[in-house]
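# Results of the structural survey
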Amino acid sequence: MDAIRKQASKLREQVARQQQAVFKQFAGGLGGSEDVVANEVEMQQQQKLEKLHISTRSAKHFQRDIVRGVEGFIVTGSKQVEIGTKLSEDSRKYGSENSCTSGSALSKAALSYSSARMDIERERENLLKTLGTQVAEPLRAMVVGAPLEDARRHAQRYDRVRQESETQVIEVARRQAKVKESNGNPENLSKFEAAQVRLKELKSNMTILGKEAVATMSAVEAQQQRLTLQRLITMVEAEKNHYQKLVHILDRLEGEMMQERQRIEAPPLVAAVSPMSSSPPEDDNNGVQASQSNDIFEENMDYYLAEVIHPYEAESDAELSLTVGEYVVVRKVSTNGWAEGECEGKAGWFPLEYVERRDRILDNKVAEV
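Residues numbered from 1 in each chain as written. Predicted model: local features only at pLDDT ≥ 70, side-chain atom pairs only at ≥ 80, totals over all residues. Heavy atoms only, no water.

### Here we look at the overall build of the protein
In plain terms, the rule: Going along the chain from the N terminus, every DSSP run of H or I of four or more residues is numbered as a helix, and every run of E of two or more is numbered as a strand. Three labels apply to residues, based on accessible area from a 1.4 Å probe with only protein chains included: buried if under 20% of the type maximum, exposed if over 50%, partly exposed otherwise in between.
Within the protein, the regular secondary structure consists of five helices and six strands. Written out in order from the N terminus, the α and β elements of the protein read α-α-α-α-α-β-β-β-β-β-β. Counting every position in the protein, which comprises 369 residues, the buried fraction comes to 35%.

This is how it looks when you write it as structure tokens:
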């Protein structure tokens, strides 16, 4: 199609050059140099109209492409909203109807995700509405609107009058030749003068229509450029605001879910330990471990030094309070996650996960520590 258009444009240029040659040839009988100047002005006007026609047609096609693209976004986005809304509902249902014996972190996270997902889909709906009402509809109205068609009708009327004027130029030249051949025959002279009058009328109409066509096409071109640019800016701003809101929603959701994950990964508190393991092992009156017969202790040939990494508040006289940064001599370790040790001259049981091993010390140096 582009090749055909280029070829047609070349043919029009060739015809215009031939017409110009004809105008110059018969300039003497049609008003001399003034007619030549007028014809050159008309040719420039014709070329300008041709460029305006190409420009407005390309802009119209671009506007149509934008409308089709936005309509595609709306169709796809509406489907995404439907899928996202269903996912939000499923997450809310799980969070409100299910629980876990180890805690409610996942249920809370599911509810947070459900709420955030619903907010995201509402923002998506707002974006699609903006694209439809503020981008697609104005451009569609201009694509099928009257201004461009009116401008093209002006150009078409001008083109018809121009073609008729060109034909009339040839007719005037033919009548002029007959007048010369007949040595001033009155009938031929009368027809020649009538042809000249008709040519002048056509030229006058052509000048007026040409100016109107150029003015209307130029106005449409300017409107196309301005409106299309404005709609593109509107589309970019709408998408930018949309994604900024999404980032805010996702940041908030990430923070809520990270809090739940930290609760899961945090060292267990004593209150969270089951009744069978919530109490540290106790020694009997003879200093023999009460649970020795059940093998709940691991024998330690050497004591080791550990640093407190989580604070712990003793809940009984058998337990040892811990402060972050202190060092404890670990002397016994139970299989239920408790350890017995000494710190600052005090001894007792504490959760083993609250300390971190640093070094081994010999049994005979415990007193020094």
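### Quick notes on the pairing of strand β3 (residues 327-334)
Worth spelling out the cut-off: Should DSSP find at least two bridges between two strands, the strands are taken to pair.
As paired strands, strand β2 (residues 303-308) and β3 are joined by four bridges and run antiparallel to one another. Paired with E307 across the two strands is Y327, which belongs to β3. Bridge analysis of β3 against strand β4 (residues 338-343) gives four bridges, and the strand direction is antiparallel. Across the sheet, V330 pairs through a bridge with G341, a residue of β4. Between β3 and β4, which follow one another and run antiparallel, lie three residues, and G337 among them has a positive phi close to 95°.

### Considerations on unusual backbone geometry
A negative phi holds for most residues other than glycine; trans holds for most peptide bonds. Although it is not a glycine, E344 sits at a positive phi angle of roughly 55°. Note that E344 resides in the loop between β4 and β5 (346-351). Here E344 falls in the exposed class, since its relative accessible area comes to 67%.

### Description of the nonpolar core
We count it as follows: In this text, buried Ala, Val, Leu, Ile, Met, Phe, Trp, Tyr and Cys residues form a nonpolar core when linked through side-chain atoms within 4.5 Å. Residue contacts are defined here by distance: any two heavy atoms, one from each residue, within 4.5 Å place the two residues in contact.
In terms of nonpolar packing, the biggest core is built from 16 residues, with Y312, L320, L322, V328, V330, F350 and V355 touching the most fellow members. Taken together, the elements giving at least two residues each to this core come down to β2, β3, β4 and β5. For L320, the contacting residues outside a window of four places in its chain are Y312, A314, V328, G341, E342, C343, K346, A347, G348, W349 and F350. Counting 14 residues, the second largest nonpolar core, distinct from the first, contains V161, M206, L209 and M217.

### Thoughts on the pattern of salt bridges
Under the convention used in this document: Put simply, a salt bridge is a Lys or Arg side-chain nitrogen that is within 4 Å of an Asp or Glu carboxyl oxygen.
One pass over the full model with this rule turns up 21 salt bridges. The residue E71 makes a salt bridge to R140 at a minimum N-O spacing of 2.6 Å. Here the residue E71 occupies a position in helix α2 (residues 33-97), and R140 occupies one in helix α3 (residues 105-143), the gap between them amounting to 69 residues. Several salt bridges share partner residues, and in doing so they unite R117, E121 and R124 into one network.

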